[in-house]
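# Coordinates in review
Residues per chain are reported as follows:
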Amino acid sequence: MGGIRSAGILAVGSELLTPFRTDTNSAWLTARLNDLGIDVRLSAVVGDDAADLAGALRLALARADLVVATGGLGPTSDDLTRDVAAAVAGLGMELDDAVLAKIRARFERRGRPMPPSNARQAQVPAGADVLENDVGTAPGLWIPAGERIVVLLPGPPAELQPMFDRLVAPRLQALGVGRKIRRRVIAATGQPESAIDEAASPVYRALEAGAVPISTSILASAGQIELHLSAAGADVAAVDRALDAAVERLAAVLGPVVFSVDGRSLEQVVGEALAARRLRIAAAESCTAGLALARLTDVPGSSAWVVGGVVAYDNAVKIGALGVPAALIESHGAVSEPVADAMAEGVRRRLGADVGLAITGIAGPSGGTPGKPVGTVVVAMAGPGSSAIVRTLAFAGDRAMIRRFSVAAALDLVRRTLA
Ligand code: AMP
Ligand code: MG
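The notes below deal with the structure included here. (Residues numbered from 1 in each chain as written. Chains lettered and ligands numbered in written order. Predicted model: local features only at pLDDT ≥ 70, side-chain atom pairs only at ≥ 80, totals over all residues. Heavy atoms only, no water.)

### Focus on the site of ligand 1
Lining the immediate surroundings of ligand 1 are 14 residues, of which Asp23, Thr24, Asn25, Gly72 and Pro156 lie closest. Taking Gly155, its main chain carries an N or O atom lying 3.1 Å from an oxygen atom of ligand 1. Taking Pro156, its main chain carries an N or O atom lying 3.1 Å from an oxygen atom of ligand 1. Of the residues that constitute the shell around ligand 1, the class distribution is four nonpolar, seven polar and three charged. (Near = heavy atom within 4 Å. Polar contact = N/O pair within 3.5 Å; in protein donor to acceptor, adjacent residues only side chain to side chain. Nonpolar A, V, L, I, M, F, W, Y, C, P; charged D, E, K, R; others polar.)

What follows is the structure, given as structure tokens:
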């Protein structure tokens, strides 16, 4: 085979041809395939219809070295992708005992017998390789079709994405055109995307023109901006050196907004900072109602640095559970620096933690006032030293975004204070 250079993508599912569901898998796969140096030449959405699917698959195979199809691998009769792909590739179906045993075990672990229809998911085209699914029941398939390859992946993004990254990408890279693609992620918080892009753009223009050209893209979500760097070449060590130098340059330009350059999450960085100083944290959350603690405890081992917290949504809880003086709330309002300060100090003292973190704010859409519009959020950190640190922030976005921004700001306050 002359290497995999081109690909077609088929998104399979009748629901994707209605206004109610959108195909997001194709865009995700396109980005990944491009990163592997593979051009996507065509992409189609196909309903759960054997003839339509066979037609689209034949067309894609006529035009591309690789066809990736997502969806239609489930156990029900409208899931046709497996059978149609085998037929188009001219392969018979065989029952794969190992796959069957895995699916059965998955059900048994949940205390349920395997429905007979799930046995269909253990039918494998002869000569195909099974791609294990760690997240769901539908295994993926890697099917040789003459000189070409058909890869079938489950439809749910949460199943497809890890399967592609763990099992498909390495195989494609091995069959690739003799070059490797490497990437780095610089993660930042505390500034809007535009500000970070502006600070970084003079550098990444230079990077594109370097001996190992480095391409960059910026991805924003509420409370986190990521710069993705990638470069390709046959000499992996040279590519890695160029990327490392680029990361160093960009991190220097961006300064303290950068919290990680090695894939660590903000909660991981915060957890490690607390652990390094043998500090334990407790949180009092009003408008985020536990989201900060949920993130802090996403990190394995976080019981070493997380004590617990109080969801202080109602003022009665701020007063009763945290010891915030009622008079403070009356005179300053629940969303105010004195109250946030008292919440942080209260949760620290009452839960016996070294560090107290507090979040109080107006997530909206109602509850705003001219003086404190929706998006006004106060975060506070008490300890480990004597003086508490309080920040009033103004976020834009819907309720969910404001809550996510608030958590990021609170965690970042801890990160920066301990840095
Ligand atoms: P399936 O594997 O066809 O049973 O698909 C299972 C679920 O995955 C669907 O109900 C969708 O929620 C999701 N899904 C399938 N295909 C796509 C797609 N192309 N983009 C986004 N979600 C998808
Ligand atoms: Mg489907």
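### What about the layout of surface pockets?
Each pocket or cavity is described by its volume, and for the largest pocket that value is around 500 Å³. Contributing to the lining of the largest pocket are 20 residues, with Ala31, Arg32, Asp35, Arg183 and His228 lying nearest its centre. Secondary structure elements with two or more residues in the lining of the largest pocket: α1 (25–35), α5 (157–174), β9 (180–188), β10 (215–221) and β11 (224–233). Ranked by residues supplied to the lining of the largest pocket, first place goes to α5 with five residues. Partitioning the lining of the largest pocket into residue classes produces eight nonpolar, six polar and six charged. Put simply, the second largest pocket is a space of about 430 Å³. Lining the second largest pocket are 20 residues, and of these Thr189, Gly190, Gln191, Phe395 and Ala409 sit closest to its centre. Split by residue class, the lining of the second largest pocket holds ten nonpolar, six polar and four charged. (1 Å grid on protein atoms, 1.4 Å probe; cavity = no way out; pocket = protein on both sides within 12 Å on 5 of 7 lines; lining within 4 Å. Points joined across faces, edges and corners; volume = space filled by probe spheres on them. Helix = DSSP H or I, 4+ residues; strand = E, 2+ residues; numbered from the N terminus.)

### A few points about the nonpolar core
Core analysis: the largest hydrophobic core is formed by 33 residues, its most contacted members being Leu274, Ile281, Leu357 and Val414. Of all the elements in the fold, those that place two or more residues in this core are α8 (266–276), β13 (281–285), α9 (291–296), β15 (355–361), β16 (376–382) and α13 (399–418). Each residue touching Leu357, except ones within four places of it in the same chain, is listed here: Ile281, Ala282, Ala283, Ala284, Ala344, Val347, Ala380, Met381, Ala410, Leu411 and Val414. (Core = buried A, V, L, I, M, F, W, Y, C linked by side-chain atoms within 4.5 Å. Buried < 20%, exposed > 50% of the residue type's maximum accessible area, 1.4 Å probe, protein only. Contact = heavy atoms within 4.5 Å.)

### Looking at the packing of aromatic side chains
Taken as a whole and assessed by the stated rule, the structure comprises two aromatic pairs. Taking 5.8 Å as the distance between ring centres and 85° as the angle between the ring planes, the aromatic pair formed by Trp28 and Phe164 counts as edge-to-face. Here Phe164 lies in helix α5 and Trp28 lies in helix α1, a separation of 136 residues in the sequence. Each member of the pair Trp28 and Phe164 is classed as buried. Between the aromatic rings of Phe395 and Phe405, the centroid separation amounts to 5.1 Å while the plane-to-plane angle is 10°, which identifies the pairing as stacked. With Phe395 in the loop between β17 (389–394) and α13 and Phe405 in helix α13, the pair connects residues that are ten residues apart, well separated along the chain. Accessibility expressed as a relative area gives 17% for Phe395, which makes it buried. One cation-aromatic arrangement involves Arg171 over Trp142; the distance from NZ or CZ to the ring centre is 4.8 Å. (Phe/Tyr/Trp six-rings, centres within 6.5 Å; stacked < 30°, edge-to-face > 60°. Lys NZ or Arg CZ within 6 Å of the ring centre and 35° of its normal.)

### Some words on α5
For α5, with 18 residues, the first-to-last C-alpha span of 24 Å sits near the 26 Å given by 1.5 Å per residue. Of all bends in α5, the biggest is about 45°, found at Phe164. Of the residues making up α5, those classed as buried are Glu159, Leu160, Met163, Phe164, Val168, Ala169 and Leu172. Those residues of α5 that are buried lie in contact with α1, β3 (66–70), β6 (129–131), β7 (140–145) and β8 (148–153). (Expected span 1.5 Å × (residues − 1). Bend = angle between axes of the 7 residues up to and from the residue.)

### Examining the sheet that holds strand β14 (residues 306–311)
With respect to topology, five strands assemble into an open sheet ordered β14-β13-β15-β16-β17, the strand pairing being mixed. This sheet does not close on itself; its edge strands, each paired only once, are β14 and β17. Within the sheet, the average angular offset between the axes of one strand and its neighbour, ignoring direction, is 15°. Strand direction decides the pairing type here: β13 and β14, joined by five bridges, are parallel. Bridging from a neighbouring strand, Ala282 pairs with Gly308 of β14. Along the sheet, helix α12 (residues 337–351) makes contact with β13, β14, β15, β16 and β17, crossing β15 at roughly 140°. Of the strands in this sheet, β13, β15, β16 and β17 touch α13, which is tilted by about 30° from β16. (Pairing = 2+ DSSP bridges. Axes fitted to C-alpha atoms, helices over the stretch in contact; angles between N-to-C directions.)

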